[in-house]
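For reference, the chains in residue letters:
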Amino acid sequence: MLTPAHIALSLSGLPGLAAATLRTTLDRAASLGVRSIALTANAPGLRPRELGRSARRDLAATLRRADLGCAGVDLFVPPKHLGDPAHAQRATDAYLEAIAFTADMSELTGAPLVLTTALPRDEAAEQALATIYDDADTRSVRLGDLAYPPLEDAPPACAPGLDPAAAMRSAEDDAATIAARLAKRLACARLSDADDAGRCPVGDGHLDAFAYLLSLSAGGYTGPVTIDVRTLKDPWRGVEAALRATHALPGADADA
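It should be emphasised that the depicted structure is a prediction, and the values quoted were computed from it without experimental measurement.

Draft legend 1. Region of the structure containing the overall build of the chain. Helix and strand content of the chain: nine helices and ten strands. Taken over the C-alpha trace, the chain has a radius of gyration of 17 Å; the compact-globule value for 256 residues is 18 Å, and the two agree within 12%. By its C-alpha atoms, the chain is 45 × 45 × 30 Å across when sized along the principal axes. Considering only intrachain contacts with a sequence separation of at least 6, the fraction spanning at least 24 residues in the chain is 74%.

Following this line, the structure appears as structure tokens:
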């Protein structure tokens, strides 16, 4: 059974995140009991193009000083940009930079070679995606695609990710059923919730956290499950709610 030790926190969606506020954010996360962090390639001062090799070593050292592991990297670009001639080159460059950043942070911290994202299903994006897939494959980075439903014929560099809040709003099945079906294929898994109106803190929506985590574990998924608070009105309340849900699981006291 996945336990709180397997739970990470994505920096994506946390308020006011920038290079200047990173240590404060990490200290707050650690004080809540978070043990590892998924970095974001979107925050000011933390974008891969802004971080040379020395800055990346400093970032890894900052995580160590906060007693936090690294659970990979996130990059969220509007999917339609990869198929839009006005945005495609810039969006593609963002992916290539994030892929290299993911490989570097894996080398520096031991993080999984996973870049979590949401890829388009638009045929207009095929050329950009081919470039991204090729670069990811060259660097042995897996693209964890949170878009639902999963691509049927994804190349080796791309594998499904699972974001329950998104999946439950796009499918008739509950998150546990989806997790059981996809577990062995997943590059990454999130911990999120949704009600009929949209994303909400874990425990306020339709997610059965115990059944979801059990399905992931029983299905063979062994990676981190990353708290995802994107678009929540009070992201830190969302972090606390997700952590409460995991610490309420059977056996949590023994493994926390």
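Continuing now.
Draft legend 2. Summary view of the packing of helix α6 (residues 175-182) against helix α7 (residues 209-219). Packing of α6 against α7 brings their axes to within 8 Å, and their N-to-C directions diverge by 5 degrees. One way to sum up the angle between α6 and α7 is to call them roughly parallel. Listed contacts from α7 to Ala-175, Ala-176, Ala-179 and Ala-180 of α6 are Ala-211, Tyr-212, Ser-215 and Leu-216. Here the residues of the contact of α6 with α7 sort into seven nonpolar, one polar and no charged.

Draft legend 3. Spotlight on the nonpolar core. Counting 73 residues, the largest nonpolar core has Leu-9, Ile-37, Leu-39, Leu-115, Tyr-212 and Leu-216 as the members making the most contacts within it. The biggest single contributor to this core is helix α3 (residues 88-109), with eight residues. Not counting residues up to four positions away in its chain, the partners in contact with Ile-37 are Leu-9, Leu-11, Leu-26, Ala-29, Leu-63, Leu-68, Gly-69, Cys-70, Ala-71 and Gly-72. The next biggest cluster of nonpolar side chains, apart from the first, holds six residues, and it includes Leu-146, Ala-159, Ala-187 and Cys-188.

Draft legend 4. Layout of the side chain of Arg-56. Considering the arrangement of structural elements, one finds Arg-56 in helix α2 (residues 53-65). The contact partners of Arg-56, leaving out residues within four places of it in the chain, are Pro-48, Leu-51, Ala-100, Phe-101, Asp-104, Met-105 and Leu-108.

Draft legend 5. Layout of the pattern of salt bridges. Across all of its chains, the model carries 14 salt bridges by this definition. Residue Asp-74 is joined to Arg-190 by a salt bridge in which the shortest nitrogen-to-oxygen separation is 2.7 Å. With a gap of 116 residues between them, Asp-74 in strand β3 (residues 69-74) and Arg-190 in strand β7 (residues 188-191) connect regions that are remote in the sequence. For the pair Asp-74 and Arg-190, a shared accessibility class is recorded, and that class is buried. For the salt bridge of Asp-163 with Arg-230, the shortest nitrogen-to-oxygen distance reads 3.3 Å. Of this pair, Asp-163 sits in the loop between β6 (158-162) and α5 (164-170) while Arg-230 is found in the loop between β10 (225-227) and α8 (235-247), placing the two residues 67 residues apart along the sequence. The pair Asp-163 / Arg-230 is uniform in exposure class, with both members buried. Members of the salt-bridge network, linked through shared partners, are Asp-74, Asp-163, Arg-190, Arg-199, Asp-228 and Arg-230.

Thresholds applied
- Residues numbered from 1 in each chain as written.
- Predicted model: local features only at pLDDT ≥ 70, side-chain atom pairs only at ≥ 80, totals over all residues.
- Heavy atoms only, no water.
- Helix = DSSP H or I, 4+ residues; strand = E, 2+ residues; numbered from the N terminus.
- Rg over C-alpha atoms; globule rule 2.2 N^0.38 Å.
- Contact = heavy atoms within 4.5 Å.
- Axes fitted to C-alpha atoms, helices over the stretch in contact; angles between N-to-C directions.
- Parallel < 35°, antiparallel > 145°, perpendicular 65-115°, else oblique.
- Nonpolar A, V, L, I, M, F, W, Y, C, P; charged D, E, K, R; others polar.
- Core = buried A, V, L, I, M, F, W, Y, C linked by side-chain atoms within 4.5 Å.
- Buried < 20%, exposed > 50% of the residue type's maximum accessible area, 1.4 Å probe, protein only.
- Salt bridge = Lys/Arg side-chain N within 4 Å of Asp/Glu carboxyl O.

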